[in-house]
Amino acid sequence: MLEFLFLLIIVGAGTGGELCVSRAMKVVGEVHDFRPAALVRFVFLAMRVGWMWLGIALMTLAFFSLLAMLSIENVSFVVPVTALSYAAGALGAMLLLHERISTQRWLGVLIVCLGVTLVWLSRR
Amino acid sequence: MKDSPGLHLKTNILILFIVLFAPLGNVLLSKGMKRIGSAKNWVPGDIFHILLKIVTSGYIWLGIACLLIFFVAYMLVLTWADYSYVQPASSFSYAAVALLGYFLLGEPVPPMRWMGILVICLGVFIVGNTHPRTTGKA
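Here the structure is a predicted model, which means the values were calculated and not measured.

Visitor: I'd like to hear about the overall build of chain A, residue by residue, with values.
Guide: Looking only at helices and strands, chain A features six helices and zero strands. Order of helices (α) and strands (β) in chain A, N terminus to C terminus: α-α-α-α-α-α. Expressed as lengths along the three principal axes of its C-alpha atoms, the size of chain A is roughly 50 × 35 × 25 Å. Taking contacts inside chain A between residues at least 6 apart in sequence as the whole, the part at least 24 apart equals 79%.

Visitor: With reference to specific residues and values, describe the overall build of chain B.
Guide: A count of helices and strands for chain B gives six helices and zero strands. The secondary structure elements of chain B, listed N-terminal to C-terminal, are α-α-α-α-α-α. Buried residues in chain B amount to 42% of all 138 residues. Excluding contacts between residues fewer than 6 apart, the proportion of contacts in chain B whose partners are at least 24 apart in sequence is 80%.

Visitor: Please set out the interface of chain B and chain A residue by residue, giving values where relevant.
Guide: Between chain B and chain A, the contact holds 45 residues from the first and 44 residues from the second. Sorting elements by how many residues they give to the side of chain B that touches chain A places helix α6 (residues 111-128) of chain B first, with 12 residues. Residue composition of the side of chain B that touches chain A, grouped by class: 28 nonpolar, 14 polar and three charged.

Visitor: So what about the confidence of the model for chain B? Which residues, and what values?
Guide: Averaged over every residue, the pLDDT of chain B is 83; the share at 70 or more is 83%. On the interface metric, ipTM, the complex scores 0.77, and its pTM is 0.78.

Visitor: Got a sec to walk through the packing of helix α1 (residues 2-28) of chain A against helix α3 (residues 50-70) of chain A? Specific residues and values, please.
Guide: Residues and elements named next belong to chain A. The N-to-C vectors of α1 and α3 enclose an angle of 155°; their axes lie 7 Å apart at closest approach. By the angle between their directions, the pair α1 and α3 is classed as roughly antiparallel. Taken as a pair, α1 and α3 cross one another with a handedness that is left-handed. Grouping the amino acids of the contact of α1 with α3 by side-chain chemistry returns 19 nonpolar, five polar and two charged.

Visitor: Break down the environment of D46 of chain B for me, citing the residues and quoting the values.
Guide: Residues and elements named next belong to chain B. Here D46 lies in helix α2 (residues 44-55). For D46, a count of 13 C-beta atoms within 10 Å gives the class partly exposed. When the C-alpha atoms of D46 and L99 are compared, they prove to be 32 Å apart, with 53 residues separating the residues in sequence.

Visitor: Please give an account of the environment of V109 of chain B that cites residues and values.
Guide: Mapped onto the secondary structure, V109 of chain B falls in the loop between α5 (93-104) and α6. Using a count of 18 C-beta atoms within 10 Å as the deciding quantity, one classes V109 of chain B as partly exposed. When residues no more than four places from it in sequence are discounted, the contact partners of V109 of chain B are S76 of chain A together with A98, G101, Y102 and W114 of chain B.

Visitor: Can you explain the packing of helix α1 (residues 5-36) of chain B against α5 of chain B? Please cite residues and give values.
Guide: All names here are of chain B. Across the interface, α1 lies against α5 with an axial gap of 9 Å and an inter-helix angle of 45°. Judged by the angle between their axes, α1 and α5 are oblique. The handedness of the crossing between α1 and α5 is right-handed. For the pair α1 and α5, contact is made by I18, V19, A22, P23, L24, N26 and V27 and by S93, A96, V97, L100, G101 and L104, respectively.

Visitor: Describe helix α3 (residues 58-78) of chain B, naming the residues involved and giving the relevant values.
Guide: Count 3.6 residues to each turn of an α-helix, and residues three or four apart come out pointing the same way. With 21 residues, α3 of chain B should reach 30 Å at 1.5 Å per residue; the first-to-last C-alpha distance of 30 Å fits that figure. When α3 of chain B is considered as a whole, its buried residues turn out to be I60, G63, C66, L67, F70, A73, Y74, M75, L76, V77 and L78 of chain B.

Visitor: Go over the environment of F42 of chain A, please, and point to the residues and values.
Guide: All names here are of chain A. By the element assignment, F42 lies in helix α2 (residues 36-47). Accessibility expressed as a C-beta count within 10 Å gives 20 for F42, which makes it buried. Note: C-alpha distance between F42 and G55 (13 residues apart in sequence) is 17 Å. Residues within four places of F42 in sequence aside, it is in contact with V28 and V31.

How each quantity is defined
- Residues numbered from 1 in each chain as written.
- Chains lettered and ligands numbered in written order.
- Predicted model: local features only at pLDDT ≥ 70, side-chain atom pairs only at ≥ 80, totals over all residues.
- Helix = DSSP H or I, 4+ residues; strand = E, 2+ residues; numbered from the N terminus.
- Contact = placed C-beta atoms within 7 Å.
- Buried ≥ 20, exposed ≤ 12 C-beta atoms within 10 Å, placed from the backbone.
- Nonpolar A, V, L, I, M, F, W, Y, C, P; charged D, E, K, R; others polar.
- pLDDT = per-residue confidence, 0-100.
- Axes fitted to C-alpha atoms, helices over the stretch in contact; angles between N-to-C directions.
- Parallel < 35°, antiparallel > 145°, perpendicular 65-115°, else oblique.
- Left-handed = near helix turned anticlockwise from the far one by under 90°.
- Expected span 1.5 Å × (residues − 1).

What follows is the structure, given as structure tokens:
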């Protein structure tokens, strides 16, 4: 069940990392200027937020777990099963970022999870 | 920021970048890892040997470049759209990665996997027609 362990790390660390990055982006503020110099300045600003570094660390862990899983299974299996992060993402966004998740979105998340189950069952 | 067609256009263009570059990056990583192979026993020596192969693989670096483009687009869009909107919208890439895996890498994709991916897309359509901001006043 090595694949399952890698999947848990990809989903857990990946979602945690994205939530941290999202929190950091809200601290930096909305981008209005898309010129290269402004974008570089934006990246430097983002790098001064602690949440960004925690997010990057977690996403790095998720990345190497993804590489490990890709060395075992096909990409058409690995990437769709990581959609399990929908459930983790919706829960995390609601609990940590205090975003309001509508019933319609929860229904979508539930259907996505059903799809992930079908993809997992398609495994040899 | 006020709700405007410009906000939706800006959001959709960056989501297009996300949908294109994330699957391409993953396919390149997959190609690289299939060439490198998996660790036999997952002992530190084995893992170190594989890490060395990873950092010298052209496919891996190309994949990382694509994922960096994806990541920058993702960071930008998150400055105005909420995470719980961006994540579902960007998940069209799950279908794109299966198509690329099938056509570019020649991976066998069983019918049940296609069905699962279609169900994932259905979930995406349900959550996709909502406003980018979820934390505003009702």
